[in-house]
Amino acid sequence: MFDEMGKTGRPADAAVEQAWFQAIFQHAAFGISLISPDNLYLGVNPAYERMMGYGAAELVGRPKLAITHPDDAEASNDLNRRMDSGEINEFTLDKRYLRPDGSEFFGRLKVSRVNDENGRILFKLAMVENISELKQREQALHDSEARLAEAQRIANMGNWEFVAERGTVHWSDECYRIFGQDKDSFSPSHETFLACVHPDDRERVKRVLIPGWRPKGRYSHEHRIVRPDGEVRHLQEWVVPYYDETGAVIRRVGAVQDITERKQADQALRKSERQLQQSTDNVPALIAFIGNDRRYQFANLAYEKWYGFSPENIIGRTVTEVLGAANAQQIESYIAGALAGERQDYLVSFDTAGSVRREVKGTFMSSKADDGTVLGFHVLAQDVTKEKMAEEALLHAKDMAEDASLAKSNFLASMSHELRTPLNAIIGFSEIIAKEILGPVGKPEYLEYAQDIHNSGGLLLDIIGEILDYSKLESGKEPLLEETLDVPETVRSCLALVANIADQGGLTVESDVAASLPPFHADKRKLVQMLSNLLSNAIKFTEAGGCIGVRVRAAPEIGYEFQVYDNGIGIAAEDIARALLPFEQVDNSLTRKFPGAGLGLPLCKSFAEMHGGTFELTSAPGKGTTVTLRFPAERADFG
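Residues numbered from 1 in each chain as written. Predicted model: local features only at pLDDT ≥ 70, side-chain atom pairs only at ≥ 80, totals over all residues. Heavy atoms only, no water.

Time to look at the sheet that holds strand β7 (residues 168-171). Spatial ordering of the open sheet is given by β7-β6-β10-β9-β8, a layout of 5 strands whose pairing is antiparallel. The open sheet has two edge strands with one neighbour each: β7 and β8 (219-226). For this sheet, the mean inter-axis angle between neighbouring strands, taken without regard to orientation, is 25°. In terms of strand pairing, strand β6 (residues 157-163) meets strand β10 (residues 249-258) through 7 bridges, oriented antiparallel. When the sheet's bridge partners are listed, G158 is paired in β10 with V256. Together, β8 and β10 form the strand contacts of helix α8 (residues 199-209), whose direction differs from that of β8 by roughly 150°. (Pairing = 2+ DSSP bridges. Helix = DSSP H or I, 4+ residues; strand = E, 2+ residues; numbered from the N terminus. Axes fitted to C-alpha atoms, helices over the stretch in contact; angles between N-to-C directions. Contact = heavy atoms within 4.5 Å.)

What follows is the structure, encoded as structure tokens:
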């Protein structure tokens, strides 16, 4: 671009030479500057002043790098150091310059070292050409190529060109990436391309490339390639041929796209659709998808049994065409709801193929796009005819069972009252005889018999009372008659009731009850019955020399807690659940050692739960039993 000065001939006269140099210096279209050995401006020409925006007076004596862009200063400094050391005599550098108004431009700088006869540097001659427009065009081209390359990378699409006359093929960078080839070592050609094609597709691709094999005009085809690492990829190519006046192909341009993921997705989709069809065909229910145009897009095999249409024949039909007008009318409101985006559940009676009446339980579930648009709805419908009949039979049986249970409860309540009347007479008269209130009986054996009659009557009366209480619970006629109780006094009265029996059995009775406990709101009769039953059980199942007791705790964090414990025979862990069932006893043989109806523990549990409390039984064979009754803190006045 710049001619070396002095190479076209030298004037004989020094004055002419000086004039010649001054003319070039003053009128050159490019900027010229003279730089001293210590890198200060010695002089600049007018073109340099215009280019840089500085006058000669502002530049002369300043360091030459003062107007160089900071980002380019290091490269310029390095070249100048090498020139100052004598390593190089000239260099060319494209760099940016800064004008006083803050603007910048690209300049192509060429610097030559001018030496004296001894080789010492006299000055540097620097020439600058403004190449901003060239740089802008280069950058625009680079940006365009980068955008194209990025677009091709994103789309997995490359482009190529074949020129028949030269037999050359040009590939874009993306083509090399798609084929897995190195740009520096792989030379694209007709032959090397075919070598990349999968062996099973190669003959077909060769035929496609024969001009006479197909009509003139653009075309596309799919094939596989094998990359150098052995990976197989699926490609689609679009080709546009160009012809001369004889019809011969002179040039072909094309685009190639890697569609492997799409092919894999298509294969996976088809496989999924087959699996879905096979899976749903084995389900004894209607499964379908209906689009927002009310036409079937999918249906399983059950439709053929119900309505006589195979899944293939259903696709594209409307709901009315498949189900019939009457059935479609029954579910019209549910269809409208599903297409409005709401889940719909329904139970209807349908007439299906063969005039079979079915009770159908169905669900419509809307399918929506990301923007909320309803695409259609999924259908799941089951034949619940048998279940409906069974449900009706179960409801009838339940009604009958409830009636029978009520009749049983009423009968037990009535019989309990009827039995109590004679039992009270038996107990009363046997007590008169045993105590000889009306005079001596005579024989001692009669006194013993009378006492046995009295004890047996009392036991029978207790059993009848428990049966009556439980029948009231079952019928829901047992109310809570709540009052404020003095717990220590209530516990003392319960212990007094069993003290004589415990003493006769040789048992120690313990009481761990604080003298002052907060008032307790409960049904007194039921609390006394719970504690008395539990104490009686403890006495019954504890041998002579053993110990029974009552422990009571009350605090806001635990509420009210009553414990009745013993160190008697205990219950095995696997028998505890059975012991809590009505009319059950752990020892249920005919020669059972301990009498009773098996209602004591179930009654205690039910009474505790009526108060909002809990019943807990822990026991171990040979170690004894502990029953804990816990009641909510709301039933106590903690102050």
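Read on, since the account is not over.
The strand order across the open sheet formed by 5 strands is β12-β11-β15-β14-β13, and the pairing between neighbours is antiparallel. Strands with a single pairing partner mark the edges of an open sheet, and in this sheet they are β12 (296-299) and β13 (344-352). Averaged over neighbouring strand pairs, the angle between their axes works out to 25° when direction is ignored.

With that out of the way, let us pick up empty space enclosed by the protein. Within this structure, the stated rule accounts for 4 cavities of 30 Å³ or more. In this model, the largest cavity occupies a volume close to 220 Å³. In terms of lining residues, the largest cavity is bounded by 15 residues, among which W160, V169, F193, L209 and E237 are the most central. Sorting the residues of the lining of the largest cavity by element identifies β6, β7, α6 (173-179), α7 (190-196), β9 (232-243) and β10 as the ones contributing at least two each. Taken together, the residues that form the lining of the largest cavity break down as 10 nonpolar, 3 polar and 2 charged. (1 Å grid on protein atoms, 1.4 Å probe; cavity = no way out; pocket = protein on both sides within 12 Å on 5 of 7 lines; lining within 4 Å. Points joined across faces, edges and corners; volume = space filled by probe spheres on them. Nonpolar A, V, L, I, M, F, W, Y, C, P; charged D, E, K, R; others polar.)

Further remarks concern helix α18 (residues 524-540). The end-to-end C-alpha distance of α18, which contains 17 residues, comes to 24 Å, matching closely the 24 Å that a straight helix rising 1.5 Å per residue would cover. When you tally the buried positions in α18, you get 12 out of 17 residues, the bulk of the element. K526, L527, V528, Q529, M530, L531, S532, N533, L534, L535, A538 and I539 are the residues of α18 that are buried. The N-terminus of α18 is capped by D523, whose side-chain oxygen sits 3.2 Å from the backbone nitrogen of R525. (Expected span 1.5 Å × (residues − 1). Buried < 20%, exposed > 50% of the residue type's maximum accessible area, 1.4 Å probe, protein only. Polar contact = N/O pair within 3.5 Å; in protein donor to acceptor, adjacent residues only side chain to side chain.)

Now for the confidence of the model for the protein chain. This prediction gives the protein chain a mean pLDDT of 82; 80% of its residues lie at or above 70. Taken as a whole, residues 1-11 scores under 50 in pLDDT and shows 15 contacts with residues more than four places along the chain or in a different chain. Per-residue pLDDT stays below 50 along residues 588-597; that stretch engages in 17 contacts with residues further than four places along the chain or on separate chains. (pLDDT = per-residue confidence, 0-100.)

Enumeration according to the criterion identifies 34 salt bridges in this entry. The closest approach of N and O atoms between E133 and R137, which form a salt bridge, is 4.0 Å. Taken together, the residues span about one helical turn, with E133 and R137 both in helix α5 (residues 132-155) at a distance of 4 residues. Of the two residues, E133 and R137, neither departs from the other in class, the shared state being exposed. E231 is the partner of R233 in a salt bridge, and the nearest nitrogen-oxygen pair spans 2.8 Å. (Salt bridge = Lys/Arg side-chain N within 4 Å of Asp/Glu carboxyl O.)

If you look at the biggest cluster of nonpolar residues, it comprises 39 residues, and the most contacted ones within it are F520, Y560 and F562. Broken down by element, the residue count for this core peaks at 8 residues, all from α18. Excluding residues that lie within four positions of it along the chain, Y560 makes contacts with V487, L517, P518, P519, F520, V552, R553, A554, L629, R630, F631 and A636. Counting residues in hydrophobic clusters, the runner-up holds 26 residues, among them I335, Y346, V379 and A381. (Core = buried A, V, L, I, M, F, W, Y, C linked by side-chain atoms within 4.5 Å.)

Okay, unusual backbone geometry next. A positive phi angle, near 65°, is found at N39, a position not held by glycine. When you line up the elements, N39 lands in the loop between β1 (31-35) and β2 (41-44). Phi is positive for R294, close to 65°, though the residue is something other than glycine. Here R294 falls in the partly exposed class, since its relative accessible area comes to 29%.

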